[in-house]
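Structure assessment
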Amino acid sequence: MHTENLTAWMHEHVFDQSNAAAERGTRLVMWITAAMMVIEIAAGWWFNSMALLADGWHMSSHAVAIGLSAAAYAAARQFARDPRFAFGTWKIEILGGFASAIFLLGVALMMVFASVERLLAPQPIHYREAIVVAFLGLIVNIVCALILGQAHHHGHDHGQDYGQDYGQERGHSYGYPRPNPHEHNHNHDHDHDHDHDHDHDHGQGHGHNHGHDQAHGQAVHQPHRQDQDHEHCHDHGQHEDLNLKAAYLHVIADAATSVLAIIALFGGWLYGWTWLDPVMGILGAILVGRWAKGLLIATGKVLLDREMDHPVVDEIRELLEIPDDPAETRLTDLHVWRVGKNAYACALTVVTHDPQLTATQIRERLAIHEEIVHATIEVNLCPEAETPPRPASA
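Everything numeric in this text was worked out from a predicted model, so none of it was measured.

**A word on the packing of helix H7 (residues 311–320) against helix H8 (residues 359–366)**
Between H7 and H8, the least distance of the axes is 10 Å, while the angle of their chain directions is 130 degrees. By the criterion of interaxial angle, the relationship of H7 to H8 is oblique. Of the two elements, H7 crosses H8, and the hand of that crossing is right-handed. Two secondary-structure elements touch here, H7 through Ile-316, Leu-319 and Leu-320 and H8 through Ile-362, Arg-365 and Leu-366. Grouping the amino acids of the contact of H7 with H8 by side-chain chemistry returns 5 nonpolar, no polar and 1 charged.

Okay, here's the thing in structure tokens:
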């Protein structure tokens, strides 16, 4: 009895595998940045150098932001199977990236404030000490960038493998959809006079069709094959790890400001261009601000589920609204949102004249999209299709 064993209708809500390499990389970079921060602050206090103290406190903001990225990975992994998270914990990583972007924007604002202050009230600069600190910071940032870059490549390759394995686990491969061997379709006939046929499918590969007592037509929907009218491109662009990107941008931003600082310091030391240091600071702030803005938009888009302009949305419509369809099946409601780097969930409603159409058949059409990992499907039978023909009058 289905009331005793429901495992065939149940599945995990883990739609994105954690990036262990990124978690290790961000944690290591956090400790390197924190160590460099302590060294610079201690040296600045010992040598009475404001340049060292300023750069040390500047690095503290990067250490905190990168620490947030590492903490987000740890939290997403720890709560991955917590049932309180309806669609998994991947967005914890996105939230970490969003917070890190805010920190990055704060760094840019502090750079502008300090640079303007120096323009209005120039301060003597200890060029030799500052140049040594800038070169040391640049070397540290290059090492950190290499660590995070390696984590990015490892995570990207691993994420692709995970997506393929997940797609095969759901019962389809790249190309033609094939039924899941564990898929169950239940048709329950009821002698009730309703205007609609509601076919709800929740989960993966389990269609539940609650039909009504009526004559079954001959038109049966076939899965929409990839070789007919639809060419599906599985690569909708690079699905970035936005949390890792946030940590990487902090490192790159610090490296960029170090390069600009080195140029400014040599200009001031060799040619007496004291104004060059604050001007380079403002230029670096603009660059960092642009990076922060891009990261805020990318993470905010995911957190607010603004995905309806993604190509997969139009491809779902193409699969379900077939031209010259005798059943005139139409998609009346569609919601698509991200639940992983390359994983999407959708909820959709169709209206059809075909009493044979089930959620399982719709799922078979969607099966060519391995990125759709969770679907809730409702099938409504058009009232005109349920009305039996009236007997001819005598």
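**Re helix H3 (residues 90–120)**
Its 31 residues place the ends of H3 46 Å apart at the C-alpha level, agreeing with the 45 Å of an ideal helix rising 1.5 Å per residue. Along H3, the positions that sit buried rather than exposed are Trp-90, Glu-93, Ile-94, Gly-96, Gly-97, Ser-100, Ala-101, Leu-104, Val-107, Ala-108, Met-111 and Ser-115.

**Considerations on the pattern of salt bridges**
Throughout the structure, instances matching the rule amount to 5 salt bridges. Among the salt bridges present, the one from Glu-23 reaches Arg-27, with a minimum N-O distance of 2.9 Å. Of this pair, Glu-23 and Arg-27 both sit in helix H1 (residues 20–47), 4 residues apart, which is roughly one turn of that helix. For Arg-306, the salt bridge goes to Asp-309, with nearest N and O atoms at 2.8 Å. Given the relative accessible area of 47%, Arg-306 is considered partly exposed.

**Details of the packing of helix H5 (residues 242–271) against helix H6 (residues 276–303)**
Relative orientation of the contacting elements H5 and H6 amounts to 170 degrees, with a least axis distance of 8 Å. By the angle between their axes, H5 is roughly antiparallel relative to H6.

**Examining the pairing of strand S4 (residues 330–340)**
Of the pairings in the sheet, the one linking S4 to strand S5 (residues 343–352) comprises 9 bridges and is antiparallel in character. When the sheet's bridge partners are listed, Leu-331 is paired in S5 with Val-350. Counting the residues in the hairpin turn of S4 and S5 gives 2 residues.

**What about the pairing of S5?**
Here S5 lies mainly inside the structure; 8 of its 10 residues are buried. The pairing of S5 with strand S6 (residues 372–381) spans 9 bridges and is classified as parallel. Bridge assignment links Ala-347 to a residue of S6, and that residue is Thr-376. Note on the crossover from S5 through H8 to S6: the handedness is right-handed.

**Things to note about the environment of Asp-333**
Here Asp-333 shows up in strand S4. Along the primary structure Asp-333 and Glu-378 are separated by 45 residues, whereas in three dimensions their C-alpha atoms are 9.4 Å apart. Once residues lying within four places of it in the same chain are set aside, the contact partners of Asp-333 are Ala-347, Leu-348 and Thr-349. For Asp-333, the side chain forms a polar contact with the side chain of His-335, separated by 3.2 Å.

**Topic: the packing of aromatic side chains**
All told, the structure shown has 5 aromatic pairs when counted by the stated rule. Aromatic pair Phe-79 and Phe-85: ring centres 6.2 Å apart, planes at 40 degrees, arrangement tilted. Here Phe-85 falls in the partly exposed class, since its relative accessible area comes to 31%. On the basis of an interplanar angle of 85 degrees and a centroid distance of 5.2 Å, the ring pair of Phe-87 and Trp-337 is categorised as edge-to-face. Taken together, the positions of Phe-87 in the loop between helix H2 (50–78) and H3 and Trp-337 in strand S4 put the pair 250 residues apart, joining distant regions of the chain. Residue classification places Phe-87 among the partly exposed residues on the basis of a relative accessible area of 29%. Residue classification places Trp-337 among the buried positions, given a relative accessible area of 16%.

Cut-offs applied
Residues numbered from 1 in each chain as written. Predicted model: local features only at pLDDT ≥ 70, side-chain atom pairs only at ≥ 80, totals over all residues. Heavy atoms only, no water. Axes fitted to C-alpha atoms, helices over the stretch in contact; angles between N-to-C directions. Helix = DSSP H or I, 4+ residues; strand = E, 2+ residues; numbered from the N terminus. Parallel < 35°, antiparallel > 145°, perpendicular 65-115°, else oblique. Left-handed = near helix turned anticlockwise from the far one by under 90°. Contact = heavy atoms within 4.5 Å. Nonpolar A, V, L, I, M, F, W, Y, C, P; charged D, E, K, R; others polar. Expected span 1.5 Å × (residues − 1). Buried < 20%, exposed > 50% of the residue type's maximum accessible area, 1.4 Å probe, protein only. Salt bridge = Lys/Arg side-chain N within 4 Å of Asp/Glu carboxyl O. Pairing = 2+ DSSP bridges. Right-handed = clockwise from strand over helix to strand, strands pointing away. Polar contact = N/O pair within 3.5 Å; in protein donor to acceptor, adjacent residues only side chain to side chain. Phe/Tyr/Trp six-rings, centres within 6.5 Å; stacked < 30°, edge-to-face > 60°.

Without other data, these values stay purely geometric and don't point to any function.
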